Amino acid sequence: MISLEKLVRRNVWNMKPYSSARNEFHGEASVFLDANENPWNTAYNRYPDPLQIQLKERISKLKGVETSSIFLGNGSDEAIDLIFRAFCEPGMDCAIMIDPSYGMYEVCANLNNVECKKVLLNSNFDLDADKIIELDDNWTKVVFLCSPNNPTGNSLNRNEICKILDRFQGLVVIDEAYIDFSSQPSFLSELDKYPNLIVLQTLSKAWGAAAIRLGMAFASPEIIGVFNKIKYPYNVSKPSQEAALAVLENEKNMREELRVILYERARLEKALVEPPYMFKVYPSDANFLLVEVGNANNAYNYLVKQGIVVRNRNNVTMCRGCLRITVGTPEENKMILNALKSIPL
């Protein structure tokens, strides 16, 4: 990895961050007259902790990562956008992305006027590290890898990812939104080994808390410091912080729901490859299946008429004829299996 100073945009490196009232005071007090808040105490009259210290301490214990290496944002999308805003000079720098993959990487790149270099996955939806390294140049700042990948569901080859981490001079972002559904280990254990590594995770999937919009980025304290420098002062609301703490206190419930989802994923996969369906189902380490059904547009429209919404991936690279089906409750999975029996040809 080249020095962080050379990776960060010059204006970001030199800027003085905004300092909020809650950033400047640390300690105990009974009277707060520093932030121009309404003085009558209600559940929401005070600004939230801008650095989410209590929540980070809970996540630190859960993930085995120091709080200084944790950034919390309004979903993982905030962290993705901050990576572009912090490290990629608009109109000059570029980012490498695998294809097919999660669409927000490209959306954020376009929004920040950063060129996308796409590397097509192979026929097994896996990556070739050499093809990514070949695209590295003085203007390439970051590589985005989603593993398990969306919409394909598979985990990327760990050895190939490590090759990229070893040889790429910029930042490598591994989006692990679906890691809880995988038997593969997280890359969180590799943070100390790779100073150029950023790992993204979320409470939206296995933890069942998509509505509170809580995304997590894990990286070196120096990279996290850059994120904190340019983030909006109060980017995670007090209700979201409180809800996240409540969710994380119920790990036993999450583990039970995860067990059911994994069982149902296997049951769906087994059923869909057999008569009367005979669909192609791609291997999945996520909470969804990519299913090749033939005429995906007809199948999608038919399911909608039955009151069942899946994701039509027909227009995504290498996913022609495919639906992405989230694993639901046992009752919901029974409903979609019954509906798929009657799709008109």
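Residues numbered from 1 in each chain as written. Predicted model: local features only at pLDDT ≥ 70, side-chain atom pairs only at ≥ 80, totals over all residues. Heavy atoms only, no water.

1. A word on empty space enclosed by the protein
- In the structure shown here, the tally under the stated rule is 1 cavity of 30 Å³ or more.
- Computed from the structure, the largest cavity encloses a volume of approximately 90 Å³.
- If you go around the largest cavity, the residues you meet are Ser147, Pro148, Ser155, Leu156, Arg158, Ile161, Ile174, Glu176, Ile179, Gln184, Pro185 and Phe187. (1 Å grid on protein atoms, 1.4 Å probe; cavity = no way out; pocket = protein on both sides within 12 Å on 5 of 7 lines; lining within 4 Å. Points joined across faces, edges and corners; volume = space filled by probe spheres on them.)

2. Structural notes on the UniProt feature "modified residue: N6-(pyridoxal phosphate)lysine" (unreviewed entry) in the protein
- UniProt's feature table lists "modified residue: N6-(pyridoxal phosphate)lysine" (unreviewed entry) at Lys205, given in the numbering used throughout.
- Mapped onto the elements of the fold, Lys205 is located in the loop between strand 6 (197-202) and strand 7 (214-218).
- Once you skip the residues sitting within four places of it in the chain, Lys205 turns out to touch Ala177, Tyr178 and Phe181.
- In this structure the side chain of Lys205 is engaged in a polar contact, spanning 3.5 Å, whose partner is the side chain of Tyr178. (UniProt positions renumbered as here; feature names shortened; annotations may be inferred. Helix = DSSP H or I, 4+ residues; strand = E, 2+ residues; numbered from the N terminus. Contact = heavy atoms within 4.5 Å. Polar contact = N/O pair within 3.5 Å; in protein donor to acceptor, adjacent residues only side chain to side chain.)

3. With respect to the UniProt feature "domain: Aminotransferase class I/classII large" (unreviewed entry) in the protein
- Mapped onto the present numbering, the UniProt feature "domain: Aminotransferase class I/classII large" (unreviewed entry) falls on residues 42-340.
- Here residues 42-340 is 37% helix and 18% strand, with 51 Å between the C-alpha atoms at its ends.

4. Structural notes on helix 10 (residues 238-248)
- All of the buried residues in helix 10 are Ser240, Gln241, Ala244, Leu245 and Leu248. Looking down the long axis of helix 10, one finds its buried residues gathered within 135° of arc, a one-sided arrangement. (Buried < 20%, exposed > 50% of the residue type's maximum accessible area, 1.4 Å probe, protein only. Arc of directions from axis to C-beta.)

5. Quick look at the sheet that holds strand 1 (residues 70-74)
- The 7 strands are arranged 1-7-6-5-4-2-3 in an open sheet whose pairing can be described as mixed. Of all the strands in the sheet, the pair left with one neighbour each is strand 1 and strand 3 (115-120). For this sheet, the mean angle separating the axes of adjacent strands, direction not counted, is 25°.
- By the bridge criterion, 4 bridges tie strand 2 (residues 94-99) to strand 4 (residues 140-146) in an arrangement that is parallel. Pairing of Ile96 across the sheet is with Val143, part of strand 4.
- Running over the sheet, helix 8 (residues 158-167) touches strand 4, strand 5 (171-175) and strand 6 and is turned about 155° from strand 5. (Pairing = 2+ DSSP bridges. Axes fitted to C-alpha atoms, helices over the stretch in contact; angles between N-to-C directions.)

6. Observations concerning the sheet that holds strand 10 (residues 311-312)
- Across the sheet, 4 strands lie side by side as 8-9-11-10; this open sheet has antiparallel pairing. The sheet terminates laterally at strand 8 (280-281) and strand 10, the two strands that pair on one side only.
- In terms of strand pairing, strand 9 (residues 288-292) meets strand 11 (residues 322-326) through 5 bridges, oriented antiparallel. Residue pairing across strands places Glu292 opposite Cys322, the latter belonging to strand 11.
- Where helix 11 (residues 251-272) meets the sheet, it contacts strand 8 and strand 9, and its direction lies at approximately 10° from that of strand 9.
- Packing against the sheet, helix 12 (residues 296-305) makes contact with strand 10 and strand 11, and its axis sits at approximately 35° to strand 11.

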